[in-house]
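# Observations on the model geometry
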Amino acid sequence: GVGRGGAWWGGGGGGWRGGHRRPSQTRVRNDGGCGGGPWGVKEVVTVSDGYVWVGIKALAGEEDQAGGGVWRWQDGGHYYVARANALENNVSLYYTQAGRRNTLKYVDAPVAGNQWHTLRVEFAGQHIRVALDGKIYIETDDAHIAAAGAVGVWTKADSVTVLDNFAYQSTASK
């Protein structure tokens, strides 16, 4: 089935206020400007292949107005992230290793500020597909993080972003 809600753990610096609440209609802000950005993950979920889905509404930010999803999260320094950025009008895909975020791909996409958008990431083996508002913008293969991990949400820099309706599903056979 599809997972929602439950126990959350937040980190990454800045003003993340994660704890044990789901990000539904929760304003997430990072004042720290750290490279990894604040994130919140499901503590008890481990997904190797599946999807993450999140509603994003970027409200403000001078450096960034971004939000997205994380998967295969091992710890605060090792995970994948895909995000939509209203200031840059793009969708991006990264892997984070040893606490350093590394770009896999940027693609121009219409990401209007103060409007709801949906970001869906499908991942199976090395294959990753990122869609914004139902349109696929990134499709690639990457093997940097192969192990199953937690899933969650992410934002960056001085973004003030509302995240809602986070969902995930594991498609791996048990």
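Residues numbered from 1 in each chain as written. Predicted model: local features only at pLDDT ≥ 70, side-chain atom pairs only at ≥ 80, totals over all residues. Heavy atoms only, no water.

### Details of the overall build of the chain
What the chain contains, in helices and strands, is zero helices and 13 strands. Secondary structure of the chain in N-to-C order comes out as β-β-β-β-β-β-β-β-β-β-β-β-β. Total accessible area on the chain stands at roughly 7500 Å², and carbon and sulfur atoms take up 45% of it. (Helix = DSSP H or I, 4+ residues; strand = E, 2+ residues; numbered from the N terminus. Areas by Shrake-Rupley, 256 points an atom, 1.4 Å probe, with all protein chains shown as cover.)

### Some details on the environment of valine 52
Within the element layout of this structure, valine 52 appears in strand E4 (residues 50-60). It is 7.3 Å that separates the C-alpha atoms of valine 52 and tryptophan 71, two residues lying 19 residues apart in sequence. Those residues within four positions of valine 52 in sequence are excluded, and the remaining contacts are Val70, Trp71, Leu119, Arg120, Val121, Phe123, Val151, Phe166, Ala167 and Tyr168. (Contact = heavy atoms within 4.5 Å.)

### Overview of the packing of aromatic side chains
Scanning all chains against the criterion turns up six aromatic pairs. Note on tyrosine 94 and tryptophan 154: the rings are 6.4 Å apart at their centroids and 35 degrees apart in plane angle, and the pair reads as tilted. Separated by 60 residues along the polypeptide, tyrosine 94 in strand E7 (residues 90-97) and tryptophan 154 in strand E12 (residues 150-155) bring together distant segments of the chain. Like tryptophan 154, tyrosine 94 is buried. (Phe/Tyr/Trp six-rings, centres within 6.5 Å; stacked < 30°, edge-to-face > 60°. Buried < 20%, exposed > 50% of the residue type's maximum accessible area, 1.4 Å probe, protein only.)

### Focus on the pattern of salt bridges
Throughout the structure, instances matching the rule amount to six salt bridges. Linking lysine 156 and aspartate 64 is a salt bridge whose minimum nitrogen-to-oxygen distance equals 2.6 Å. Placement of lysine 156 in the loop between E12 and strand E13 (160-170) and of aspartate 64 in the loop between E4 and strand E5 (66-75) is noted, with a sequence separation of 92 residues between them. Per residue, the accessibility class of lysine 156 equals that of aspartate 64, and both read buried. Salt bridges sharing partners connect three or more residues here, namely Arg120, Glu122, Arg129 and Glu139. (Salt bridge = Lys/Arg side-chain N within 4 Å of Asp/Glu carboxyl O.)

### Topic: the nonpolar core
Membership of the largest hydrophobic core comes to 31 residues, with the highest contact counts inside it found for Val52, Trp71, Leu119, Val121, Val130, Leu132 and Val151. Elements with a contribution of two residues or more to this core: E4, strand E6 (78-85), E7, strand E9 (117-124), strand E10 (127-132), strand E11 (135-141), E12 and E13. Sort the elements by how many residues they give to this core and E4 lands first, with four residues. In terms of nonpolar packing, the next biggest core, distinct from the first, is built from nine residues, Trp39, Val70, Trp73 and Val81 among them. (Core = buried A, V, L, I, M, F, W, Y, C linked by side-chain atoms within 4.5 Å.)

### Some remarks on the side chain of asparagine 85
On the secondary structure map, asparagine 85 appears in strand E6. Residue class for asparagine 85 comes out buried when judged on its relative accessible area of 0%. Separated by 2.4 Å, the side chains of asparagine 85 and aspartate 64 make a polar contact. From its side chain, asparagine 85 meets the backbone nitrogen of leucine 87 in a polar contact 2.8 Å long. Discounting chain neighbours no more than four positions away, the residues touching asparagine 85 are Asp64, Gln65, Ala66, Asn90 and Val111. (Polar contact = N/O pair within 3.5 Å; in protein donor to acceptor, adjacent residues only side chain to side chain.)

### Quick word on unusual backbone geometry
Although it is not a glycine, asparagine 89 adopts a positive phi angle of roughly 50 degrees. Inspection of the secondary structure assignment puts asparagine 89 in the loop between E6 and E7. Although it is not a glycine, aspartate 133 adopts a positive phi angle of roughly 50 degrees. When you line up the elements, aspartate 133 lands in the loop between E10 and E11.

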